[in-house]
Amino acid sequence: MIETNVSRHHETFLQVVQSYYQLTKPRIIPLLLITTAGSMWIAAKGEVDPLLLLVTLTGGTLAAASAQTINCVYDRDIDYDMERTRHRPIPSGKVQPRDALIFAIALATISFTLLAVFANLLAALLAFSGIVFYILVYTHWLKRHTPQNIVVGGAAGAIPALVGWAAVTGTLSWSAWLIFAIVFLWTPPHFWALALMIKDDYAKVGIPMLPVIEGTTVTVKQIWYYTLVTVFATVLLFYPLGASGILYAAIAGILGGLFIHKSWRLLQNPEDRAVAKELFLFSISYMMLLCLGMVVDSLPVTHNLINAVSNHLHFIA
Ligand code: HEM
Ligand SMILES: CC(C)=CCC/C(C)=C/CC/C(C)=C/COP(=O)(O)OP(=O)(O)O
């Protein structure tokens, strides 16, 4: 009897933990961390202090989790009405909005303290401003009012790249802002490809996402332009900034070619949801591999290898 009670209690506790975990929209966070890592490795010229890496990624995770949790509180009305989001912890009644808010404030406080004490104040302030921007500017001000919502809102998702750079150098540079710009410009193709697939859901709850307001043709054109500008921006990190080397340039070139190809296919087949889905899924791999490319390119071992190969080629020539 006692055993049954204990196991039931245990199960409930696990369910509570799981609900709070889900409030943080955890599936998005790893990619935010990969952009932070890409930025850190370039800033540190390939030699990142492991402790600083741990602190920055933990602080970034907690900040993003806090932002997403407050977003879940704010958007609980529309989340209840949309198929995709109905099962989130607040609309399904598993977590009370007040408790979620307390949880989010705790996450933000720990994030700020961790970054301020073990990284630096700039990194802490940037992460905090990411939360404020995502909630006030995106969730409150833009999301329900303009089809340009995610263009401006994308700046919040690009802030982790600045956090990474600031954590390493204590300041921001052109390269930091360029990585910020790459994530910022990538966000519209990433999100609008998905929005094309689920526009009926957004229309139902009156969220003015671009495909709902302007239609499919305008959206695929916009996706196309943003894709071209994103790929162009990725090249600038190699030339003229010189923050990344030839390996990164090759990776950015190949990934960029694929991104442009998939975006072109959508431009030719605006109504084909399977093509939109393919672009959405690819956008995630694209950003992941691009940032991993930044990391690998920056490593001293890569430089040594490339130098050895180029010396060898000179020798043969
Ligand atoms: C305003 C900007 C953005 C909007 C509106 C947006 C929106 C979305 C939405 C609605 C989903 C589907 C999630 C679901 O099915 O529950 C999604 C998926 C995803 N987003 Fe974004 N996103 C944005 C920016 C970003 C950024 C900056 C990143 C990371 C760098 C990111 C990474 C991801 C990932 C990794 C997924 C896939 C999650 C999964 O596997 O289910 N997103 N995004
Ligand atoms: C440094 C720091 C704290 C940065 C925060 C960045 C952050 C939380 C970016 C997330 C962007 C994102 C996935 C938005 C989802 O939009 P949505 O809320 O409209 O999606 P939904 O329709 O699934 O609710």
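This text gives an overview of the structure that appears in the document. Since the structure is predicted, the reported quantities are computational estimates derived from the model, not experimental observations.

## Focus on the environment of Leu-241
With respect to the helices, strands and loops of the structure, Leu-241 is situated in the loop between helix 11 (216-236) and helix 12 (246-268). Note: C-alpha distance between Leu-241 and Val-48 (193 residues apart in sequence) is 21 Å. What Leu-241 contacts, discounting residues up to four positions off in sequence, is Trp-174, Ser-175, Leu-178 and Leu-236.

## Considerations on the packing of helix 5 (residues 97-118) against helix 6 (residues 121-142)
Angle between the axes and distance between the axes: these two values describe a pair of packed helices. In the contact formed by helix 5 and helix 6, the axes pass within 7 Å of each other and the chain directions differ by 155°. As the angle between them shows, helix 5 and helix 6 are arranged roughly antiparallel. Note on packing geometry: the crossing formed by helix 5 with helix 6 is right-handed. The segment helix 5 lies against helix 6, with Ala-108, Phe-112, Leu-115 and Ala-116 engaging Leu-121, Ala-123, Ala-124, Leu-125, Ala-127, Phe-128 and Ile-131. Its residues assigned to classes, the contact of helix 5 with helix 6 shows eleven nonpolar, no polar and no charged.

## Examining the coordination of the iron atom of ligand 1
Four donors placed tetrahedrally around a metal ideally meet at 109.5 degrees, and six donors placed octahedrally ideally meet at 90 or 180 degrees. Its sole protein donor being His-190 (NE2), the iron atom of ligand 1 sits 2.2 Å from that atom. Tracing the backbone shows His-190 in helix 8 (residues 174-197).

## Brief notes about the site of ligand 1
The environment of ligand 1 is formed by 19 residues, the closest being Arg-27, Arg-84, Thr-187, His-190 and Phe-191. Between an oxygen atom of ligand 1 and a side-chain N or O atom of Arg-84, the distance comes to 3.3 Å. With respect to the pocket detection grid, ligand 1 is positioned in the largest pocket. Contributing elements (two or more residues each) for the shell around ligand 1: helix 2 (29-43), helix 7 (149-169), helix 8 and helix 13 (273-298). Its residues assigned to classes, the shell around ligand 1 comprises eleven nonpolar, five polar and three charged.

## A closer look at the pattern of salt bridges
The tally for this structure, following the rule as stated, stands at nine salt bridges. Residue Asp-77 pairs with Arg-144 through a salt bridge whose shortest N-O separation is 2.9 Å. Of this pair, Asp-77 sits in helix 4 (residues 76-81) while Arg-144 sits in the loop between helix 6 and helix 7; the two residues are 67 residues apart in sequence, bridging distant segments of the chain. By relative accessible area, Asp-77 is classed as partly exposed at 39%. For Arg-273, the salt bridge identified is with Asp-200, shortest N-O distance 3.9 Å.

## Some details on a nonpolar patch on the surface
Taken together, Phe-238, Tyr-239, Ile-246 and Ile-306 make up a surface patch of nonpolar side chains, about 400 Å² in accessible area. Along the chain, the position of Ile-246 falls in helix 12.

## A few points about the site of ligand 2
Surveying the vicinity of ligand 2 reveals 19 residues, the closest of which are Arg-84, Arg-88, Tyr-134, Tyr-138 and Lys-143. The separation between an oxygen atom of ligand 2 and a polar side-chain atom of Lys-25 is 3.0 Å. At a separation of 2.7 Å, an oxygen atom of ligand 2 approaches a polar side-chain atom of Arg-88. Across the complex, the protein chains shield 88% of the 630 Å² of accessible surface that ligand 2 would expose by itself. Given that more than half its atoms are within 2 Å of the pocket grid, ligand 2 belongs to the largest pocket. At the level of secondary structure, the elements contributing two or more residues to the shell around ligand 2 comprise helix 3 (50-74), helix 6 and helix 7. Among the elements that make up the shell around ligand 2, the one with the highest residue count is helix 3 (five residues). For the shell around ligand 2, the residue count by class is twelve nonpolar, three polar and four charged.

## Section: the packing of aromatic side chains
One pass over the full model with this rule turns up eleven aromatic pairs. Cluster of aromatic residues (ring-pair linked, three or more members): Trp-177, Phe-180 and Phe-184. Above the plane of the ring of Phe-282 lies Lys-262, whose end atom (NZ or CZ) is 5.5 Å from the centre.

Rules behind the numbers
Throughout, residues of each chain are indexed from 1 in the direction in which the sequence is written. Lettering for chains starts from A, numbering for ligands starts from 1, and both go in the order in which the items are written. Reporting of local features is limited, given that this is a predicted model, to residues whose pLDDT is at least 70; pairs of side-chain atoms are given and counted only at 80 or more, and all residues count toward the totals for whole chains, interfaces and linings. Computation of side-chain values: all heavy atoms of the structure, hydrogens and water removed. For helices the rule is a DSSP run of H or I covering at least 4 residues; for strands it is a run of E covering at least 2, with both sets numbered from the N terminus onward. Contacts are assigned to residue pairs that have any heavy atoms within 4.5 Å of one another. Angles here are taken between N-to-C directions and fall from 0 to 180 degrees, while the axes themselves are lines fitted to C-alpha atoms, restricted in helices to the stretch in contact. Convention used here: angles under 35 degrees read as roughly parallel, angles over 145 as roughly antiparallel, angles from 65 to 115 as roughly perpendicular, and any remaining angle as oblique. With the far helix as reference, a near helix turned anticlockwise by less than a right angle produces a left-handed crossing, and one turned clockwise produces a right-handed crossing. Residues are grouped as follows: nonpolar covers Ala, Val, Leu, Ile, Met, Phe, Trp, Tyr, Cys and Pro; charged covers Asp, Glu, Lys and Arg; every other residue, Gly included, is treated as polar. Coordinating donors are taken as N, O and S atoms within 2.8 Å of the metal, stretched to 3.2 Å for Na, K and Ca; because water is absent from the atoms, sites can appear incomplete. To be near a molecule or strand, a residue needs just one of its heavy atoms within 4 Å of it. We define a polar contact as two N or O atoms separated by no more than 3.5 Å, with the added condition that, inside protein, one atom must be a possible hydrogen donor and the other a possible acceptor, whereas residues neighbouring each other in sequence contribute only through side-chain atom pairs. Each cavity reported here is a set of points on a 1 Å grid over the protein atoms alone in which a 1.4 Å probe fits but cannot get out, each pocket an open set with protein on both sides within 12 Å along at least five of seven lines, and each lining residue one with an atom within 4 Å of a point. The rule for placing a molecule in a cavity or pocket is simple: more than half of its atoms must lie within 2 Å of the grid points. Salt bridge, as used here, is a side-chain nitrogen of Lys or Arg placed within 4 Å of a carboxyl oxygen of Asp or Glu. Buried means the residue's accessible area, taken with a 1.4 Å probe over protein chains only, is under 20% of the maximum for its type, while exposed means over 50%, and partly exposed covers the values in between. Candidates for patches are residues over 30% relative accessible area with no salt bridge; among them, like charges are joined within 9 Å and nonpolar side chains (Val, Leu, Ile, Met, Phe, Trp, Tyr) within 5 Å. Methods summary: accessible areas were calculated by the Shrake-Rupley approach with a probe of 1.4 Å, and residue burial reflects only the protein chains presented. What counts as a ring pair is set by centres within 6.5 Å for rings of Phe, Tyr and Trp (its six-membered ring), and what kind of pair is set by the plane angle: stacked under 30 degrees, edge-to-face over 60, tilted for all other angles. A ring has a charge above it when a Lys NZ or an Arg CZ is no more than 6 Å from the ring centre and no more than 35 degrees off the ring normal.

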